[in-house]
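# Chains, contacts and geometry: an overview
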Amino acid sequence: MAVSRGGPRRDGGPAGPGSAGPVTAGRGQRTRGWQDTLREYAVDVRGSVRDGERGPLLVIAGLIVIWIVFQVLDDKFLSPRNLSNLSVDIVGTGLVAVGIVFVLLIREIDLSVGSVSGLAGAAFAVLNVNHGVPEWLAVIVAVAAGTAVGAFHGFFHARLGVPAFVVTLAGLLIWNGLTLYLLGASGTINIDEEGLVASLTSRHFGNHLAAYAVAALGTAGYVLAARRRRNRHRAAGMPNRSEGEIWMRTGLLAVLAFAAASTLNRFQGLPLALLIFLVVLVVSDYVLRRTRYGRRVYALGGGVEAARRAGIGVERVRVAMFMVSGTLAAVGGLFVASGLTSASPTTARAAGSGMLLINAIAAAVIGGTSLFGGRGSPWSVLLGVVVIQSIASGMGLLGIEDAVQFMITGGVLLAAVAADALSRRAQARRGRP
């Protein structure tokens, strides 16, 4: 379900008959067919790779290799049960990674998201289990705490000028310590396995129509958005994708979406957690790509002084991005607590120690979000987090120790960052920002 980054086509030419879709040319010329569209698309992809741009196709190719390797080593890897569990396991880290994307887009970093996630889970458990606060109210308080933490970080960074790295590194320690303090010496706090939070990762929609409906809705939404973007670009005289290319992409998306729906239905159906994650991706992408505020975020990532001269409130945008990061980190923390059905000092230390943080950053960067700001989208998280969790799931099935998993995850992250840096260098050589 990767989404195109948009922007001009690699052919660089003006929109003409070739970009307006399959048309019948005049006498002596042949009709454009799907072979021409496929050939042009292959040229575009080859040109993008040559110019140093990382697209979703490269990530998908890497994911296919990972899946083939683990399936050869253990034939249970691609079973409906394991893939369904994988679709739930990606949600907690994925939600945290979406918040990271908002911060990366403005050329900043948030190192506290792991600790904020642990704090949200602990706050919920203490309020609900120890003090009898209703689950819905405890959830609101936990998420609000994440938002407040984000505002705190944003204030120190945007208003006082403290580097985001320092502020959020201090936050990593502060919020992890607060989490351990809240949990106290009593240790693990088990949450209600039949309650609201526990159902976030345990509930599935058993009716097969639910998964197929989501697949159909996603495919229809993509083609409508792609055609609308094409029409808007044509009206403005900008290069645009051909009609044939749009339908070819739609066909590929439909195959992937309905194959995923069929796989989920062969186990327990559509997981509620996955549905919530997809909704968050859609809403986040709409905010960033279709609203004035989102355009300000990308503008700030392109350059602080240029954004300031354009009348953008740089400080307000920065504070807002850290608030989004803190909020989604808290929501992700509730999903992590839901999967464990508990909050404990052990999990709090694990979250604060950095593994969740590294996985979230890796998911964003592997998917295509730049560490240098101004490029990426929430949808980039989907592919990235599937790659990260596929490695974890496959190694778990094989019984490989965590130390090896850490090294492999670190290597994948380093490769993604190196590719991002090389992409920037290649674009700079060609005079592109």
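Up top you'll find the structure we're talking about.
Just so it is clear, the structure is predicted and the values come from calculations on it, not from any experiment.

How each quantity is defined
Numbering of residues starts from 1 in each chain and follows the order in which that chain's sequence is written. With pLDDT at 70 or above as the cut-off, local features in this predicted model cover only qualifying residues; side-chain atom pairs require 80 or more to be listed or tallied, and sums for whole chains, interfaces and linings still use all residues. Hydrogens are left out, water is left out, and the side-chain values use all remaining heavy atoms of the structure. Secondary structure elements follow DSSP: runs of H or I no shorter than four residues count as helices, runs of E no shorter than two count as strands, and numbering proceeds from the N terminus. Exposure categories follow from relative accessible area, calculated using a 1.4 Å probe and restricted to protein chains: below 20% of the type maximum is buried, above 50% is exposed, and the middle band is partly exposed. Using a 1.4 Å probe, accessible areas were evaluated by the Shrake-Rupley method; residue-level cover was limited to the displayed protein chains. The length a helix should cover is 1.5 Å for every residue beyond the first. Here the arc refers to the set of directions running from the helix axis out to each C-beta atom. The contact definition used throughout considers only heavy atoms, calling two residues in contact when any of these lie within 4.5 Å. Think of a patch as exposed residues, more than 30% relative accessible area, with no salt bridge, where like charges cluster within 9 Å and nonpolar side chains (Val, Leu, Ile, Met, Phe, Trp, Tyr) cluster within 5 Å. Between Lys or Arg on one side and Asp or Glu on the other, a salt bridge is scored when a side-chain nitrogen of the former is within 4 Å of a carboxyl oxygen of the latter. Positive charges come from Lys and Arg alone, negative charges from Asp and Glu alone, with His and the N- and C-terminal ends not counted. Charged groups are reduced to one reference atom each: NZ for lysine, CZ for arginine, CG for aspartic acid, CD for glutamic acid. For Phe, Tyr and Trp, rings pair up if their centres lie within 6.5 Å, where Trp contributes its six-membered ring, and each pair is then called stacked (planes under 30 degrees apart), edge-to-face (over 60) or tilted (otherwise). Under the rule applied, a polar contact is a pair of N or O atoms within 3.5 Å (in protein, one hydrogen donor and one hydrogen acceptor; residues adjacent in sequence only if both atoms are side-chain atoms). The nonpolar core is taken to be a set of buried Ala, Val, Leu, Ile, Met, Phe, Trp, Tyr and Cys residues, with the residues joined through side-chain atoms within 4.5 Å. In this description, a line fitted to the C-alpha atoms serves as the axis of each element, helices being fitted only across the stretch in contact, and the angle between N-to-C directions of two axes falls anywhere from 0 to 180 degrees. Oblique is the label for any angle not covered by the other classes, which are roughly parallel (under 35 degrees), roughly antiparallel (over 145) and roughly perpendicular (65 to 115). When the near helix sits turned anticlockwise from the far one by under a right angle, the crossing is termed left-handed; a clockwise turn instead gives a right-handed crossing. Residues are sorted three ways: Asp, Glu, Lys and Arg are charged, Ala, Val, Leu, Ile, Met, Phe, Trp, Tyr, Cys and Pro are nonpolar, and all the rest, Gly among them, are polar.

If you tally the helices and strands in the protein, you get 17 helices and four strands. When each of the 433 residues of the protein is scored for burial, the buried share is 49%. Of the roughly 20200 Å² of accessible surface on the protein, 65% is carried by carbon and sulfur atoms.

Turning our attention to helix α2 (residues 56-73). Along its 18 residues, α2 runs 26 Å from first to last C-alpha, staying within 8% of the 26 Å computed at 1.5 Å per residue. When α2 is considered as a whole, its buried residues turn out to be Val59, Leu63, Ile66 and Phe70. Buried residues of α2, seen end-on, are gathered within an arc of 60 degrees and therefore sit on one face of the element. On its buried side, α2 packs onto α15 (355-367) and α16 (379-398).

Okay, a positive patch on the surface next. On the surface, a cluster of positive charge is contributed by Arg159, Arg292, Arg295, Arg296 and Arg316. In terms of residue count, helix α11 (residues 292-302) provides more of the positive patch than any other element does, three residues in total. Counting through the fold element by element, Arg292 comes out in helix α11. On the basis of relative accessible area, Arg292 is assigned to the exposed category, the value being 60%.

We now examine the packing of aromatic side chains. For any pair of aromatic rings, the description consists of the separation of the ring centres together with the inter-plane angle of the planes. Taken as a whole, this structure holds six aromatic pairs when the rule is applied. Here the aromatic rings of Tyr212 and Phe258 are separated by 6.2 Å at their centres, their planes lie at 20 degrees, and the arrangement is stacked. Here Tyr212 is found in helix α8 (residues 208-235), whereas its partner Phe258 is found in helix α9 (residues 243-265), with 46 residues between them in sequence. Within the aromatic cluster, the residues linked to one another by ring pairs are Phe152, Phe155, Phe156 and Trp175.

A surface patch of nonpolar side chains, amounting to about 390 Å² of accessible area, comprises Val65, Val69, Leu73, Leu398 and Ile400. A total of three residues in the nonpolar patch trace back to one element, the largest contributor, which is α2. Within the secondary structure layout, Val65 lies in helix α2.

By secondary structure assignment, the location of Thr369 is in the loop between α15 and α16. Its relative accessible area of 0% is what places Thr369 among the buried residues. In terms of polar contacts, Thr369 uses its side chain to reach the side chain of Ser380, at 2.7 Å.

With that out of the way, let us pick up the pattern of salt bridges. For the structure shown, the criterion picks out three salt bridges. Between Glu245 and Arg249 there is a salt bridge whose closest N-O contact spans 3.3 Å. Remark: Arg249 and Glu245 occur in helix α9; sequence separation between them is four residues, near one turn of the helix. A residue is classified by how much of its surface remains accessible, and Arg249, at 18% relative accessible area, is buried. A salt bridge links Arg308 to Glu315, with the nearest nitrogen and oxygen atoms 3.3 Å apart. Judged by relative accessible area, Arg308 falls into the partly exposed class, the value being 36%. With a relative accessible area of 23%, Glu315 lands in the partly exposed category.

Residue Arg107 is not a glycine yet carries a positive backbone phi of 65 degrees. Phi is positive for Thr341, which is not a glycine, with a value near 50 degrees.

With 18 residues, helix α4 (residues 113-130) extends 25 Å between its outermost C-alpha atoms, agreeing within 8% with the 26 Å of an ideal straight helix rising 1.5 Å per residue. The buried fraction of α4 is high, at 15 of 18 residues.

Grouped together as the largest cluster of nonpolar side chains are 91 residues, with contacts concentrated most on Ile90, Phe124 and Phe277. For this core, the element with the highest residue contribution is helix α3 (residues 80-105), accounting for 14 residues. Once you skip the residues sitting within four places of it in the chain, Phe277 turns out to touch Ile90, Val91, Gly94, Leu95, Val98, Val381, Leu382 and Val385. Tyr222, Val223, Ile246 and Leu253 belong to the second-largest nonpolar core, a separate cluster that totals five residues.

To continue, consider the packing of α8 against α9. Axis separation between α8 and α9 bottoms out at 9 Å; the angle between their running directions is 165 degrees. The angle between α8 and α9 falls in the class roughly antiparallel. In this structure, the crossing between α8 and α9 has a hand that is right-handed. Listed contacts from α9 to His208, Ala211, Tyr212, Ala215, Ala216, Gly218, Thr219, Tyr222, Val223, Ala226, Arg227 and Arg230 of α8 are Glu243, Ile246, Trp247, Arg249, Thr250, Leu253, Ala254, Ala257, Phe258, Ala261, Ser262 and Asn265.

By the element assignment, Gly311 lies in the loop between α12 (304-309) and α13 (314-340). Separated by 15 residues in sequence, Gly311 and Arg296 have C-alpha atoms that sit 9.7 Å apart.

Let us look at the packing of α15 against α16. The interhelical angle for the contact between α15 and α16, taken along N-to-C directions, is 120 degrees, at an axis separation of 7 Å. Comparing the axis directions of α15 and α16 gives the class oblique. Two packed elements cross with a definite hand, and for α15 against α16 that hand is right-handed. Residues Asn359, Ala362, Ala363, Ala364, Ile366 and Gly367 of α15 touch α16, and the partners they reach there are Ser380, Val381, Gly384, Val385, Val387 and Ile388. Taken together, the residues of the contact of α15 with α16 break down into eight nonpolar, four polar and no charged.

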